[in-house]
Amino acid sequence: MTLTLGHTQRLNLHALLGAQRADVGSIRAIWAVQDKIALDADEGKGLDLKRERVAGQERVVWNPALSVPAKDFEFTDSEVARIKGVIETWDAYNAAADRCWLEPLVEALFCATPQEKV
């Protein structure tokens, strides 16, 4: 499945994946998806991306007035299943604030229907 992800989707999905508890095999699979969607150095500079430590946890912040172009990513069926699982089990604490990046992703993953044959 091909998904077009903006930088906000990529950063938040990366964080959601990183917050999962899993066995070693699953962790490696999560890392593979995170590596695939991670912003490169130039994209990070384009967003004024910074990593901070707060109470021992890493937090990523960026300038919301800046953006980088969305990119297409090709995911295997197992990667799509992993992303769906992360979203389905996420206990969102502020669904309204997350709607701008989450809704298009939910639509693409959960509402897409195969083309009907005529």
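Refer to the structure printed above.
This structure is a prediction, so every number in the text was calculated from the model and none was measured.

Calculation criteria
- Residue numbers restart at each chain and count upward from 1, following the sequence in its written direction.
- Under the rules for a predicted model, residues below a pLDDT of 70 receive no local features and side-chain atom pairs below 80 are neither given nor counted, while totals for whole chains, interfaces and linings still include all residues.
- Hydrogens and water molecules were not included; the side-chain quantities draw on all heavy atoms of the structure.
- Salt bridge criterion: a side-chain nitrogen from Lys or Arg within 4 Å of a carboxyl oxygen from Asp or Glu.
- Exposure categories follow from relative accessible area, calculated using a 1.4 Å probe and restricted to protein chains: below 20% of the type maximum is buried, above 50% is exposed, and the middle band is partly exposed.
- Helix numbering and strand numbering both begin at the N terminus, where a helix is a DSSP run of H or I of at least 4 residues and a strand a DSSP run of E of at least 2.
- Each Phe, Tyr or Trp ring (for Trp, its six-membered ring) is paired with any other whose centre lies within 6.5 Å, and the angle between the two planes then decides the class: stacked below 30 degrees, edge-to-face above 60, tilted in between.
- In this analysis a 1.4 Å probe is tested at points of a 1 Å grid over the protein atoms alone, and where it fits but cannot get out there is a cavity; an open set with protein on both sides within 12 Å along at least five of seven lines is a pocket; lining residues have an atom within 4 Å of a point.
- Grid points are joined across faces, edges and corners, and a volume is the space filled by probe spheres set on the points.
- Only Asp, Glu, Lys and Arg are considered charged, only Ala, Val, Leu, Ile, Met, Phe, Trp, Tyr, Cys and Pro nonpolar, and every remaining residue, Gly among them, polar.
- Only four residue types enter the tally: Lys and Arg on the positive side, Asp and Glu on the negative side, with His and both chain ends excluded.
- Axis angles are defined between N-to-C directions and span 0 to 180 degrees, where every axis is a line fitted to C-alpha atoms and, for a helix, only to the segment in contact.
- To sort the angles, those under 35 degrees are grouped as roughly parallel, those over 145 as roughly antiparallel, those from 65 to 115 as roughly perpendicular, and the leftovers as oblique.
- Note on contacts: a residue pair is in contact if any heavy atoms of the two residues lie within 4.5 Å.
- Take the buried residues of types Ala, Val, Leu, Ile, Met, Phe, Trp, Tyr and Cys, join any two whose side-chain atoms come within 4.5 Å, and each joined set is a nonpolar core.

1. With respect to the pattern of salt bridges
Stage number 1. For the coordinates displayed, the defined rule picks out seven salt bridges.
Stage number 2. Between Lys50 and Asp48 there is a salt bridge whose closest N-O contact spans 2.6 Å.
Stage number 3. Its relative accessible area of 41% is what places Lys50 among the partly exposed residues.
Stage number 4. A residue is classified by how much of its surface remains accessible, and Asp48, at 38% relative accessible area, is partly exposed.
Stage number 5. A salt bridge links Glu103 to Arg99, with the shortest nitrogen-to-oxygen separation between them at 3.0 Å. Note that Glu103 and Arg99 are positioned in helix H5 (residues 95–110) at a spacing of four residues, about one turn of the helix.

2. A look at the packing of aromatic side chains
Stage number 1. A full pass over the atoms with the stated rule returns two aromatic pairs.
Stage number 2. Ring geometry for Trp90 against Trp101: centres 5.9 Å apart, planes inclined by 40°, an arrangement best described as tilted. Of the two residues, Trp90 sits in the loop between helix H4 (77–89) and H5 while Trp101 sits in helix H5, which places them 11 residues apart along the sequence.

3. Things to note about the layout of surface pockets
Stage number 1. The space that makes up the largest pocket amounts to roughly 480 Å³.
Stage number 2. The wall of the largest pocket is formed by 15 residues, among which Leu11, His14, Ala15, Glu58 and Val60 lie closest to the centre.
Stage number 3. Among the elements that make up the lining of the largest pocket, the one with the highest residue count is helix H1 (residues 7–18) (six residues).
Stage number 4. Residue composition of the lining of the largest pocket, grouped by class: seven nonpolar, four polar and four charged.

4. Some words on the side chain of Asp98
Stage number 1. Within the fold, Asp98 resides in helix H5.
Stage number 2. There is no salt bridge for the buried Asp98, and the closest opposite charge comes from Arg99, which lies 11 Å off by N-O distance.

5. Points about the packing of H1 against H5
Stage number 1. Between H1 and H5, whose axes approach to 9 Å, the crossing angle comes to 85°. Taken together, H1 and H5 sit at an angle that is classed as roughly perpendicular. Between H1, through Thr8, Gln9, Asn12, Leu13 and Leu16, and H5, the contact on the second element is made entirely by Trp101, Pro104 and Leu105.

6. Some thoughts on unusual backbone geometry
Stage number 1. A positive phi angle is found at Asp48, which is not glycine, with a value near 55°.
Stage number 2. Residue Ala55 is not a glycine yet carries a positive backbone phi of 50°.
Stage number 3. Residue placement: Ala55 occurs in the loop between strand S2 (50–54) and strand S3 (57–61).

7. Focus on the nonpolar core
Stage number 1. Within the largest apolar cluster, 18 residues are counted, with the highest numbers of intra-cluster contacts made by Leu5, Leu17, Ile37, Phe75, Ile83, Leu105 and Leu109.
Stage number 2. For this core, the secondary structure elements donating two or more residues are strand S1 (2–5), H1, helix H2 (24–37), H4 and H5.
Stage number 3. The contact partners of Leu5, leaving out residues within four places of it in the chain, are Arg10, Ile37, Ala70, Lys71, Phe73, Phe75 and Leu105.

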